[in-house]
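Spelled out, the chains give:
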Amino acid sequence: MILKVSNHDFEYDMKNLCTVFFPFEKIRQAGDDEISVETKKTGDTFSVYAKAFGRSVEKVHILKNGEDEATAMSVLLYTTLSELTNFYPEWGILFGVRPAKLMHRFYEKMGEQGARDYFEKVFLVSKEKTDLAVNVMKHENKIIALSRKNSFSLYISIPFCPTRCSYCSFVSHSIERTKKLIKPYIALLIEEIKETSKIADALGLRLETVYFGGGTPTSLDADDLKRLLDAVESHFDLSTVREYTVEAGRPDTITQDKLLVLKNAGVGRISINPQSFNDRVLETIGRHHTAHQTAEAFDLARKCGFDNINMDLIAGLPGDDTDSFENSISTAMDMGAESITVHTLALKSSSYMATRDKDFDFKNRFVACRMVNYANMVLDENGYHPYYMYRQSKSVGNLENVGWCKKNKDCLYNVFMMDETHTVLSVGAGAVIKLKNQNTGRIERIYNYKYPYEYIDHFDRILSRKKGIMDFFCE
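Residues numbered from 1 in each chain as written. Predicted model: local features only at pLDDT ≥ 70, side-chain atom pairs only at ≥ 80, totals over all residues. Heavy atoms only, no water.

### Quick notes on the packing of aromatic side chains
Let me state the cut-off plainly: When the centres of two rings from Phe, Tyr and Trp lie within 6.5 Å, Trp using its six-membered ring, the rings pair. Their planes under 30 degrees apart give stacked, over 60 give edge-to-face, and anything left gives tilted. A run of H or I in DSSP counts as a helix once it spans at least four residues, and a run of E counts as a strand once it spans at least two, with each numbered from the N terminus. When a residue's accessible area, from a 1.4 Å probe over protein chains only, is under 20% of the maximum for its type it is buried; when over 50% it is exposed; and in between it is partly exposed.
All told, the structure shown has 21 aromatic pairs when counted by the stated rule. With centroids separated by 4.5 Å and ring planes inclined at 25°, the aromatic side chains of Tyr211 and Tyr413 adopt a geometry described as stacked. With a gap of 202 residues between them, Tyr211 in strand 8 (residues 206-214) and Tyr413 in helix 12 (residues 412-419) connect regions that are remote in the sequence. Each of the two residues, Tyr211 as well as Tyr413, counts as buried. Each ring, one from Phe472 and one from Phe473, has its centre 5.5 Å from the other, and the planes form 80°; the classification is edge-to-face. Since its relative accessible area comes to 3%, Phe472 is described here as buried.

### Comments concerning the pairing of strand 3 (residues 45-52)
Under the convention used in this document: Pairing between two strands is assigned when DSSP locates at least 2 bridges connecting them.
In terms of strand pairing, strand 2 (residues 35-42) meets strand 3 through eight bridges, oriented antiparallel. Across the sheet, residue Ile35 finds its bridge partner in strand 3, namely Ala52. Count of turn residues in the strand 2/strand 3 antiparallel hairpin: two residues, of which Gly43 carries a positive phi of about 65°. Bridging between strand 3 and strand 4 (residues 55-62) involves eight bridges; their strand directions are antiparallel. Its bridge partner being in strand 4, Ser47 is matched across the sheet by Val60. The antiparallel pairing of strand 3 with strand 4 creates a hairpin that spans two residues between the two strands, and Phe53 there sits at a positive phi of about 55°.

### Considering the packing of helix 1 (residues 11-21) against helix 2 (residues 69-85)
Heads up, the rule is: Axis angles are defined between N-to-C directions and span 0 to 180 degrees, where every axis is a line fitted to C-alpha atoms and, for a helix, only to the segment in contact. If an angle is under 35 degrees, it is roughly parallel; if it is over 145, roughly antiparallel; if it lies from 65 to 115, roughly perpendicular; otherwise it is oblique. The crossing is said to be left-handed when, going from far helix to near helix, the turn is anticlockwise and less than a right angle, and right-handed when the turn is clockwise. Every residue pair with non-hydrogen atoms within 4.5 Å of one another is taken to be in contact. Only Asp, Glu, Lys and Arg are considered charged, only Ala, Val, Leu, Ile, Met, Phe, Trp, Tyr, Cys and Pro nonpolar, and every remaining residue, Gly among them, polar.
Helix 2 packs onto helix 1 with a crossing angle of 20° between their chain directions and a minimal axis gap of 10 Å. Viewed along their axes, helix 1 and helix 2 adopt a mutual orientation that is roughly parallel. In terms of crossing hand, the pair formed by helix 1 and helix 2 is right-handed. On helix 2, the residues that touch Asp13, Met14, Leu17, Cys18 and Phe21 of helix 1 are Met73, Ser74, Leu77, Tyr78, Leu81, Ser82 and Thr85. A per-class count over the contact of helix 1 with helix 2 returns eight nonpolar, three polar and one charged.

### Looking at helix 2
To be explicit about the condition: A helix is expected to span 1.5 Å multiplied by its residue count minus one. For this analysis, a polar contact is any N or O atom pair within 3.5 Å, provided that within protein one partner can donate a hydrogen and the other can accept it, and provided that sequence-adjacent residues contribute only side-chain to side-chain pairs.
A rise of 1.5 Å per residue sets the reference length of helix 2, with its 17 residues, at 24 Å; its end C-alpha atoms lie 24 Å apart and thus fit the reference within 8%. Burial runs high along helix 2: 13 of the 17 residues are buried. Its side-chain oxygen placed 3.4 Å from the backbone nitrogen of Ala70, Asp68 serves as the N-cap of helix 2. Downstream of helix 2 by one or two residues, Asn86 has phi in the positive range, about 60°.

### Here we look at the pattern of salt bridges
For the record, the criterion: Salt bridge criterion: a side-chain nitrogen from Lys or Arg within 4 Å of a carboxyl oxygen from Asp or Glu.
Scanning the model with the defined rule gives 25 salt bridges in all. For Asp252, the salt bridge identified is with Arg250, shortest N-O distance 3.1 Å. The exposure class assigned to Asp252 is partly exposed, which follows from its relative accessible area of 28%. Residue class for Arg250 comes out buried when judged on its relative accessible area of 2%. Where Lys467 meets Asp471, a salt bridge forms, and the shortest distance between an N and an O atom there is 3.1 Å. Taken together, the residues Lys467 and Asp471, both in helix 15 (residues 467-473) and four residues apart, mark about one turn of the helix.

### Structural notes on the environment of Ile182
Within the element layout of this structure, Ile182 appears in helix 5 (residues 175-203). Look at Ile182 and you get buried, because its relative accessible area is 8%. In sequence terms Ile182 and Phe152 are 30 residues apart; their C-alpha atoms lie 28 Å from each other.

### Focus on unusual backbone geometry
At the junction of Gly214 and Gly215, the peptide bond is cis and its omega measures out at 10° in the coordinates. Here Gly215 is to be found in the loop between strand 8 and helix 6 (222-235). Although it is not a glycine, Asn86 adopts a positive phi angle of roughly 60°. Residue position: Asn86 is located in the loop between helix 2 and helix 3 (99-122). Given a relative accessible area of 55%, Asn86 falls into the exposed group.

Written out as structure tokens, the structure reads:
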């Protein structure tokens, strides 16, 4: 698509809003295309002209005294594109990752009613999404209050999976294709764990949560898992840890031996992620397991003593429909999952599924909206509360991802990470260290190499970059 920006500096906002409505279009500034948008400022007059698929809409707005120009232009573009496409995204002109954090900022400035009014009347967020943002914020605040000035979390990346799902954009590689990398990867990961612990000790940091993510950590065999868990216990003080999570993730990677290794190491929270309880949908997205295998893995985890199990479900998957999705939600609740995270399908450019026809979102976003709204309603009615939330670009329907849980089963790491509450020291391929200055709020990131082979080949550089942690805290 073509986006022309004339006489104003809001190109970033315009691009993001255009992506909300046309998520699979590559945005260019010149040329011919069946989709084009022009935003223009002439004195106090703002105008937007948009055309797509043989239709066009033009709107004009006269800037009012004291009105924020960027917001006014965003609202004008939103209303123009909504009329053009007959699609009215419930998050209005918001495209940021952390709406609950934004709500918190306005809540502190103008109180709850003022913040609600601003979201609904200025940002054009629906009442339902505004309510959700307020509820998430309130639950997050209880967890954020647990963090101290010297608190930190530890993230450990295991970038391997049995197979790669078609929607996945994470750094994950199938075990079959990368088997020869696993042993050297684990050896170096243990070394990075050791070096990171020395830095945490030197800075007097207090470990609050540990999180193994991926990929699928349980793609590793039981012995390799134990080596990593033992390394964490040997090098970090776990006496202050409030939560220890491992994403078991794929049901086809879960065995009793692995579960007992996790349990004996003090892991208290795991994820067993069906994504759907519809076998046909699972086959379509490349998940080589069945709904029955998910139920078996869940029962096995219960027998091994796990009483805090999360399940991920995805709204908007190809081949899914509202009845099937509602059944998936009901099944997860009936099984007694302590938390259910409802994601909206996001088609990143690095995912296999992003090569589908570009009108995928137009066909499915209204269905995804119904799915997500149903999940929000029924989980609330059945004793789950929304404890964290984030949004991704190019998600079907521009919707949200929300973690729902039963009382006292909130995932602390998820909240700390999404709120950017404190420093997160991350290790492994694709890991991002996030450093936070508690006095100024400044955040700085240090990136590890993305792929396992890069991590192995350039490990010395990864260790040398850790000097940046000390430099940051010693400023």
